[in-house]
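One-letter residues, chain by chain:
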Amino acid sequence: MLPWGLRRRFWNLIAIAKYRANRPVTIPVPVDDEQPIGDVSLVSQFPGIPIHNIRVADRVPDDERSLLKYYFYEFQVALYRIFGPMQPGMPDIPENPDQALSEAYTKAHRRCFPAPILPPEFAGEVDLGFLAVAGPYAGYLERTSDGDYQWDLRELARYEHHDGLRSLGLRVVFRADGSGSKLAPALIDCELGECRPGDANWEDAKRLALCAATNHVSLVRHFNWVHLAVGGPFAIATRNCLDARHPLRRLLWPHMFGTQYSNQIVTKGQMARGGDFDSVFSFTHAGMCELFEDTYDAYDITVLDPDRDAARRGLDSAGFDTPSLANLRAIFDVLHAHAARYLALYYPTDRALRADAAVVDWLATMDRLVPNGVRALSGEDVTIAGTARFVAALLHLATVQHEVLGTGLWNYQMWSQVQPVRVYRNGRRLPVDVYQRLVNANFNLNVKRAALMQDFGYLALDARAAAEFRAFQQELEELQSRLTKEPFAYWRIYPNILEANINA
Ligand SMILES: [Fe+2]
């Protein structure tokens, strides 16, 4: 077996070469596809990944295809088997987190992208109450029937974990603290027992809770829900139902162009046996596949609308501060206003919208392809208001949600003393190969992509629409300058960090 140092250097070189070779895509003006894109089961496209219920595209459209990238990923996945980035029997990462990071995130990495920063809520005693309302895990908080709040990740117990790991099936109960404006964790019910603040194993229980949340964010909320449950269908339906000169196609195009090619290469690199997901996170390949199947079937599109999602989770009348929710709502309002103004240019009335068979077909196709449908956001009837809300939700998916759940983890998931991706029963830390792979996988999420803040007026069909694209940019800039007047925070999403879509 080759020495670990050589293996590590080789895979670091691959990660850095990939980062350096990547260029932000210029979104082209759409042209019609010759054939509609079909939807087929995931396993039929990726025979090594036994997932039957998830629907994926049957091919990559011609205008997205990149043979170079395709074969690079094929080569990479083939290498997993013959000279993979994992090596059995590796020692633990150093106890000092800065040392662990500096060994895994080398100077060559740092010349590409700055090292992660420890957010204040991770320093000293970890502030789980703040993490419940700010940052990448803020989407989990919900009110219980007895008036408490919780993270309920008990379902994770059902999926096969790697040997020697603690179960991620757990629940955290939160209550407002004395001031009423902040939450504090009151109980963590997990494999360690019913743990309460002050108990000897309380800090261990908090680490386990964050481990469960971060596994769920990366696997379920990011890849399964953003890329597969909605991202893929969004691109298929938009290409198939709206021709290249349809006004709605022009509005949506920057936010879905590239999805099929990107989903194809990334699905393989992450979800193949020995891919990033089963090599890094807590679940075995079989466990991960079952988790994807079940959580795909359970998808609820309400998560794409911050207002409706907050109402569903019982946060509307919560007395405590919900800073991430306020941040997401502010951006959603800009996306929604853009969608509503743009639709108003072409459809004076609901009747006019319903007379457009392409739009009706697009909504019906989305409703068929997204698990459990889209009517919870778009409404039962085709209306301008419902369609604007739904379009805003798709923009939110491609820009904000993808950021929160993907690159938004950069300053969180690398700190495994707080937030490990695996918790070992025998108390050992992560093996160096697992940590190295985690770091490289997250590093590659930070490649430069097409920015949301750019003028898409060249896609407009007429001068009024071009003016609307500019008005959208103007509003994003105004929000940007409002947000920069507040103290900087790592959990906050700023318009100028957002990308136009989910694709590298
Ligand atoms: Fe992604």
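The present account deals with the structure reproduced in this document.

Basis of the calculations
- Residues numbered from 1 in each chain as written.
- Predicted model: local features only at pLDDT ≥ 70, side-chain atom pairs only at ≥ 80, totals over all residues.
- Heavy atoms only, no water.
- Helix = DSSP H or I, 4+ residues; strand = E, 2+ residues; numbered from the N terminus.
- Phe/Tyr/Trp six-rings, centres within 6.5 Å; stacked < 30°, edge-to-face > 60°.
- Buried < 20%, exposed > 50% of the residue type's maximum accessible area, 1.4 Å probe, protein only.
- Lys NZ or Arg CZ within 6 Å of the ring centre and 35° of its normal.
- Donors = N, O, S within 2.8 Å, 3.2 Å for Na, K, Ca; no water.
- Core = buried A, V, L, I, M, F, W, Y, C linked by side-chain atoms within 4.5 Å.
- Pairing = 2+ DSSP bridges.
- Contact = heavy atoms within 4.5 Å.
- Axes fitted to C-alpha atoms, helices over the stretch in contact; angles between N-to-C directions.
- Salt bridge = Lys/Arg side-chain N within 4 Å of Asp/Glu carboxyl O.

### A look at unusual backbone geometry
In this structure, Asn372 is a non-glycine residue whose phi angle is positive, near 70 degrees. You can see Asn372 is positioned in the loop between helix H15 (357-369) and helix H16 (375-378).

### Some details on the packing of aromatic side chains
For the structure on display, the rule yields 27 aromatic pairs. For the ring pair Phe277 and Phe281, a centre distance of 6.2 Å and an interplane angle of 65 degrees mean the geometry is edge-to-face. As far as burial versus exposure is concerned, Phe277 and Phe281 are alike and both buried. Counting every residue linked through ring pairs, the aromatic cluster contains Tyr19, Tyr105, Phe113, Trp410 and Phe443. The lysine or arginine in question, Arg221, covers the ring of Tyr140, its NZ or CZ lying 4.3 Å from the ring centre. Sitting over the face of the ring of Tyr346, Arg464 holds its NZ or CZ atom 5.3 Å from the ring centroid.

### Describing the coordination of the iron ion
Note on the iron ion: its protein donors are His222 (NE2), His227 (NE2) and His402 (NE2). The metal-donor distances range over 2.1 Å. Coordination of the iron ion draws on donor residues from a single chain, spaced H-x4-H-x174-H in sequence. Residues His222 and His227 agree in their burial class; the two are buried.

### Points about the nonpolar core
Counting 164 residues, the largest nonpolar core has Leu141, Trp151, Phe292, Trp362 and Tyr435 as its most contacted members. Among the elements that line this core, the one with the most residues is helix H7 (residues 202-241), at 21 residues. Within the second largest apolar cluster, seven residues are counted, among which are Trp11, Tyr80, Phe83 and Ala272.

### Observations concerning the sheet that holds strand E3 (residues 142-143)
Hydrogen bonds between backbone atoms are what pair the strands of a sheet, whose relative direction is either parallel or antiparallel. Spatial ordering of the open sheet is given by E3-E4-E5-E6-E7, a layout of five strands whose pairing is antiparallel. Each of the sheet's edge strands pairs with one partner strand only, and the pair in question is E3 and strand E7 (193-195). Pairing analysis gives six bridges linking strand E5 (residues 171-176) to strand E6 (residues 183-190), with the strands arranged antiparallel. Note on E6: the bridge partner recorded for Val173 is Leu187. Contacting strand E4 (149-152), E5, E6 and E7, H7 crosses the sheet at an angle of about 85 degrees to E6.

### What to know about the pairing of E6
Among the eight residues of E6, six are classified as buried, and the element is accordingly described as predominantly covered. The turn linking E5 back onto E6 is made up of six residues, and Gly180 within it adopts a positive phi angle of 85 degrees. Of the strand pairs in this sheet, E6 and E7 are connected by three bridges, and their pairing is antiparallel. When the sheet's bridge partners are listed, Ile188 is paired in E7 with Cys195. Hairpin connection of E6 to E7: two residues between the antiparallel strands.

### Topic: the pattern of salt bridges
Summed over all chains, the structure comprises 30 salt bridges. In this structure, Asp152 engages Arg154 in a salt bridge whose closest nitrogen and oxygen atoms are separated by 2.9 Å. Accessibility expressed as a relative area gives 46% for Arg154, which makes it partly exposed. One salt bridge in this structure joins Arg158 and Asp294, with 4.0 Å as the shortest N-O distance. Taken together, the residues span a long stretch of sequence, with Arg158 in the loop between E4 and E5 and Asp294 in helix H11 (residues 285-297) at a distance of 136 residues. Taking relative accessible area as the criterion, Arg158 reaches 55% and is therefore assigned exposed. Through salt bridges that share partners, Asp305, Asp307, Asp316, Arg329 and Arg389 make up one connected network.

### Examining the pairing of E4
In the case of a regular strand, side chains alternate between the two sheet surfaces. Relative to E4, E3 runs antiparallel, the two sharing two bridges. Along E4, the bridge assignment pairs Glu142 with Gln150. Adjacent in sequence and paired antiparallel, E3 and E4 are bridged by five residues, among which Gly147 carries a positive phi angle near 90 degrees.

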